[in-house]
Structures are given as structure tokens and as C-alpha cells.
Amino acid sequence: MERRVVITGVGLVTPLGTGNEKTWNALLAGQSGIGPITRFDATDYACRIAGECKDFEASDWIPQKEVKKMDLFIHFGVAAATLAWRDSGLDVSQDETSFRRGSIIGSGIGGLISIQNQAFLVKERGPRRISPFFIPMSLINLISGQVALLFNLKGPNHAVSTACATGAHSIGDATNLIRRNAADVMLAGGAEAAICELGIGGFAAAKALSTRNDNPQAASRPWDRDRDGFVQGEGSGVVVLEELGHARQRGARIYAEVCGYGLSGDAHHITAPDPDGDGARRCMIAALQDSGIALEQVGYINAHGTSTPLGDVVETMAVKKVFGPHAGKLMMSSTKSITGHLLGAAGGVEAIFTALALYHGVIPPTLNLDHPDSDCDLDYVPHTARNVPIEAAMSNSFGFGGTNASLVLKRFSS
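Here goes a summary of the coordinates provided. Remember, it's a predicted structure, so these values are computed and weren't measured experimentally.

1. Brief notes about the overall build of the chain
Part 1 of the reasoning: Of regular secondary structure, the chain possesses 13 helices and 15 strands.
Part 2 of the reasoning: Its C-alpha atoms give the chain a radius of gyration of 20 Å, within 12% of the compact-globule value 22 Å for 414 residues.
Part 3 of the reasoning: Across its three principal axes, the chain shows a C-alpha extent of roughly 65 × 55 × 40 Å.
Part 4 of the reasoning: The 414 residues of the chain split such that 62% are buried.

Listed below in C-alpha cells is the structure:
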């Protein structure tokens with residue numbers, strides 16, 4: 001009999017605030033986390049808006065002497081993992097159970113701020129000024145490494161880097177490790193901190209970002225006819241995944257069960273999705289088949305929904321192909337309309353939002369859907385959250401390189 005996997009802890013660091021309650025309450029209230037960039041002088045940039053984690057203080061989570069040894073994306077990941085661990089009620093193990101606990105926390109880009117700043121430094125002041133911590137500052141797997149040290153996790157330890165699908169792939173891969181009895185407890189998710197000159201400049205050069213600089217909170221507008229690109233965000237979302245029997249034995253609170261995981265590749269273009277939505281379609285079908293539930297049980301989809309002209313239409317098309325007549329009955333929202341697009345952290349954050357929607361029976365809204373695109377005609381939960389109990393939900397994450405991930409969660413019942 002396959003081992004069942006449940007979510008027993010969640011940790012959120014987002015543009016809506018540091019902490020689970022702060023983020024969730026702001027999300028349901030539709031309080032946008034997007035504003036003018038303050039991290040650097042963006043005067044000369046085409047895009048001058050982003051979703052920054054303005055209330056985050058690394059020293060609240062990491063000893064001050066260690067802060068300078070890590071990039072901001074690691075700060076975010078360690079903080080979110082700490083929040084999730086505390087939320088789960090787990091103790092730090094010093095015995096053989098530590099070998100049954102692990103971590104998969106990835107990033108789409110990694111230590112871009114450190115890479116950029118050290119490059120500036122070596123150009124201006126020479127190679128002797130490079131920090132001795134530069135390499136571990138930048139490596140994507142160093143969130144998992146730091147978290148393993150913090151919580152004595154001696155089991156599986158690695159990191160996923162699949163662009164904007166990173167967080168979802170991390171959770172799916174960690175789920176499979178528990179299913180196959182390679183671990184009992186896993187911290188999993190993603191983190192990103194790429195709001196810097198290179199990060200904003202690079203995405204803007206690719207014409208991927210919204211340039212609605214005069215009205216930041218209205219800039220991320222999935223499925224709206226006036227959308228003009230995504231808004232970059234930052235932060236981290238990490239979950240504690242636990243084998244069901246292990247969770248029951250210690251009386252853990254269970255937010256949701258992870259029952260399905262699908263992944264696919266478009267093999268179409270390095271940045272644009274397959275215009276037929278075939279990769280997304282196959283990914284969702286794989287997750288549903290893995291879950292063992294009927295598609296009619298899915299009441300909500302937390303969409304990838306980035307606010308790009310092509311991506312929003314393609315995802316809508318794919319959902320219709322997968323769910324058929326049921327597509328018109330389910331709810332689908334994009335929380336990126338509120339947080340911005342957290343890149344490699346998005347899948348982790350949005351899986352948490354999906355789990356909380358199931359646990360609390362509340363569906364987060366889509367902001368700024370004032371004039372729906374004629375090709376986007378599903379129920380996108382516009383403007384206002386809904387109190388609707390649901391049995392199962394899906395979270396979609398699609399990334400550059402044509403990489404796709406879908407998770408199916410269901411409300412826990414014994």
C-alpha cells in the first residue's frame with residue numbers, strides 16, 4: 001500500500017508580509033504587495049515596479065554574523081523553512097530519526113544579487129575583494145544545506161532549479177521520496193530574490209515585465225484584456241511534508257494531503273509556452289491520474305496565471321481540454337495578481353495558498369480582472385475571496401524552458 005503524504009507545516013515570506021497569518025490575511029483581503037522598486041534606483045529601467053518583501057529582516061531568523069555569508073534568497077528560504085518547522089510542531093531530532101528527515105528547497109535563479117554585486121566589486125576593486133563566502137552565497141542548494149544544519153536533517157538533501165516551476169517540482173519530488181519510503185519528513189519548496197539591476201533589467205529586456213509603472217497595484221492583471229506582462233516578486237514558500245502515519249502518531253495538525261504530482265515538457269520554445277497548451281494539458285492529466293481522484297472532485301485551481309498575453313490564454317485553453325464541461329464549474333484564481341510572480345518561489349507559495357484554501361474553505365481572489373479577455377472565460381474569482389468548501393484542488397506552475405508541474409491536493413479525511 002502506497003504511503004500517504006500530508007502537509008503539517010507551512011512557512012510564508014512574501015511581498016504581503018513575513019509570516020503565515022500576515023500573508024494569508026492580506027491575500028484574502030486583496031491587499032496588493034506590489035509597489036515602486038526601492039531596492040535600487042530604477043529610474044532608467046523600463047519596469048520600475050516589483051513585489052518586494054519590505055518588512056523582512058534577515059537577522060530575525062539568522063544570527064547577524066551569519067547573515068553576510070548568505071545571499072538574500074537563502075535568507076528568505078531559511079526564514080520560510082523555520083516558520084514551517086515551527087508551525088508543524090516537530091522537534092529537532094538527535095537520534096536515528098534524523099536520517100529519515102530531509103530537505104528539497106530550490107530556486108529558479110539563485111544568488112543573483114551576490115553574483116551581480118561581486119562582479120561589480122571585482123571590476124571596481126580587483127579580485128582580492130571577492131568575498132570568501134561568494135560561492136556558497138550563490139549556490140542554489142545552499143538553502144537545503146543551511147536548513148539541514150539548522151534542523152539536523154540527515155536524510156535526502158538536494159535542490160531543484162526549474163525556473164518558475166521550482167517550488168512545485170520540489171514539493172512533488174519530496175512527496176515521492178516519502179511515498180517510496182526514502183524519508184518520513186521533508187521540508188520542501190522554493191525561494192527567490194532577483195529584484196536587482198540584472199534581474200529586472202534582464203526580464204525587461206525580454207519584454208516579459210509589465211511597464212504599468214504609474215499604477216503598480218493594478219499592473220498584475222491575469223486574464224484581463226489590458227495585461228502587459230508579469231510583475232516580479234520575491235520571497236519563499238516552504239512546507240513540511242510528512243508520512244501520514246508519522247503525522248498521526250504525534251497528533252499533528254494536517255492542512256491537506258498531497259495526492260497527485262504531474263510534470264511534463266513542452267519541447268517548443270525556451271520562453272514561450274506551447275500555443276496549443278499541450279504541455280500544460282499533459283502535466284495536469286498526469287497529476288490527476290497520479291492522485292486517483294475524479295476530475296469532477298477538483299473545485300479550485302491556483303493557476304500559474306502570470307498576466308502575460310500568451311500564457312494566460314494557453315493555460316485557460318489547457319484547463320478546458322483537461323476538465324471538459326467541468327471547467328465551467330470549477331473556480332480558478334491567480335494569486336500572482338496580489339503577490340506578483342515569485343519565480344522559483346511561486347510554486348511553493350501557491351501550493352501553500354492551495355492547501356490553506358482547502359483547510360479554511362476560502363478561495364483567494366484574482367485582482368484587477370476588470371475587463372476579461374474574450375479568450376479567457378472561466379470563473380477566475382474576480383476581486384473578492386469566496387467562502388466555499390472544496391474537496392480537492394490543483395496548483396499549476398510552468399517555467400522557462402517548457403518545464404511544467406502540477407500538484408493535486410485534497411482536504412484531509414481519514
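2. Describing the packing of aromatic side chains
Working definition: an aromatic ring pair is given by the centre-to-centre distance plus the angle between the planes.
Part 1 of the reasoning: A complete count under the given rule lists eight aromatic pairs for this structure.
Part 2 of the reasoning: Seen from their ring centres, Phe-40 and Tyr-45 are 5.2 Å apart, and the 70 degrees between their planes marks the pair as edge-to-face.
Part 3 of the reasoning: Assessed through its relative accessible area of 10%, Phe-40 is described here as buried.
Part 4 of the reasoning: Centroid distance Phe-203 to Phe-400: 6.2 Å. Interplanar angle 55 degrees. Geometry classified as tilted. Separated by 197 residues along the polypeptide, Phe-203 in helix H8 (residues 197-205) and Phe-400 in the loop between strand E14 (392-399) and strand E15 (403-410) bring together distant segments of the chain.
Part 5 of the reasoning: Classification of Phe-203 as buried rests on a relative accessible area of 14%.
Part 6 of the reasoning: The partly exposed category is assigned to Phe-400, whose relative accessible area is 37%.
Part 7 of the reasoning: In textbook terms, an aromatic cluster arises when at least three aromatic residues are bridged by ring pairs, as seen for Phe-203, Phe-230 and Phe-400.

3. A short note on helix H3 (residues 72-88)
Part 1 of the reasoning: Relative to the 24 Å expected for 17 residues at 1.5 Å per residue, H3 spans 24 Å between its end C-alpha atoms, a close match to the ideal helical length.
Part 2 of the reasoning: Counted residue by residue, H3 has 15 buried out of 17 residues, so it is predominantly covered.
Part 3 of the reasoning: With a side-chain oxygen positioned 3.0 Å from the backbone nitrogen of Phe-73, the residue opening H3 is Asp-71.
Part 4 of the reasoning: Directly after H3, the chain includes Gly-89, whose backbone phi takes a positive value near 80 degrees.

4. Concerning the environment of Gly-265
Part 1 of the reasoning: Secondary-structure assignment places Gly-265 in strand E9 (residues 256-265).
Part 2 of the reasoning: With residues up to four places along the chain from it excluded, the contact list for Gly-265 reads Arg-282, Gly-402 and Asn-404.

5. Comments concerning the nonpolar core
Part 1 of the reasoning: Counting 55 residues, the largest nonpolar core has Val-13, Phe-56, Phe-76, Val-147 and Leu-187 as its most contacted members.
Part 2 of the reasoning: At the level of secondary structure, the elements contributing two or more residues to this core comprise strand E4 (49-50), H3, helix H4 (112-125), helix H6 (142-151), strand E7 (185-192), H8 and strand E8 (235-243).
Part 3 of the reasoning: Looking at which element gives the most residues to this core, the answer is H3, with 11 residues.
Part 4 of the reasoning: Membership of the second largest hydrophobic core comes to 48 residues, among which are Leu-16, Ala-165, Leu-241 and Tyr-300.

6. Re the pattern of salt bridges
Part 1 of the reasoning: Inspection of every chain in the model, using the stated rule, returns 21 salt bridges.
Part 2 of the reasoning: The salt bridge partner of Asp-55 is Lys-22, with a shortest N-O separation of 2.8 Å. Separated by 33 residues along the polypeptide, Asp-55 in the loop between E4 and helix H2 (64-67) and Lys-22 in helix H1 (residues 20-29) bring together distant segments of the chain.
Part 3 of the reasoning: We classify Lys-22 as partly exposed; its relative accessible area is 45%.

7. So, the packing of H3 against H6
Part 1 of the reasoning: Between H3 and H6, whose axes approach to 9 Å, the crossing angle comes to 40 degrees. Between H3 and H6, the angle falls in the class oblique. Judged by the sense of rotation from one axis to the other, the crossing of H3 with H6 is right-handed. Residues Phe-73, Ile-74, Gly-77, Val-78, Ala-81, Thr-82 and Trp-85 of H3 touch H6, and the partners they reach there are Leu-142, Ile-143, Gln-146, Val-147, Leu-150 and Phe-151.
Part 2 of the reasoning: Its residues placed into classes, the contact of H3 with H6 shows 10 nonpolar, three polar and no charged.

8. Concerning the environment of Ala-392
Part 1 of the reasoning: Secondary-structure assignment places Ala-392 in strand E14.
Part 2 of the reasoning: Spatially, the C-alpha atom of Ala-392 lies 9.4 Å from that of Ala-355, the residues being 37 residues apart in sequence.
Part 3 of the reasoning: In this view, Ala-392 contacts Ile-293, Gln-297, Val-298, Gly-299, Tyr-300, Leu-358, Leu-409 and Lys-410; residues no more than four positions away in its chain are not counted.

How each quantity is defined
- Residues numbered from 1 in each chain as written.
- Predicted model: local features only at pLDDT ≥ 70, side-chain atom pairs only at ≥ 80, totals over all residues.
- Heavy atoms only, no water.
- Helix = DSSP H or I, 4+ residues; strand = E, 2+ residues; numbered from the N terminus.
- Rg over C-alpha atoms; globule rule 2.2 N^0.38 Å.
- Buried < 20%, exposed > 50% of the residue type's maximum accessible area, 1.4 Å probe, protein only.
- Phe/Tyr/Trp six-rings, centres within 6.5 Å; stacked < 30°, edge-to-face > 60°.
- Expected span 1.5 Å × (residues − 1).
- Polar contact = N/O pair within 3.5 Å; in protein donor to acceptor, adjacent residues only side chain to side chain.
- Contact = heavy atoms within 4.5 Å.
- Core = buried A, V, L, I, M, F, W, Y, C linked by side-chain atoms within 4.5 Å.
- Salt bridge = Lys/Arg side-chain N within 4 Å of Asp/Glu carboxyl O.
- Axes fitted to C-alpha atoms, helices over the stretch in contact; angles between N-to-C directions.
- Parallel < 35°, antiparallel > 145°, perpendicular 65-115°, else oblique.
- Left-handed = near helix turned anticlockwise from the far one by under 90°.
- Nonpolar A, V, L, I, M, F, W, Y, C, P; charged D, E, K, R; others polar.

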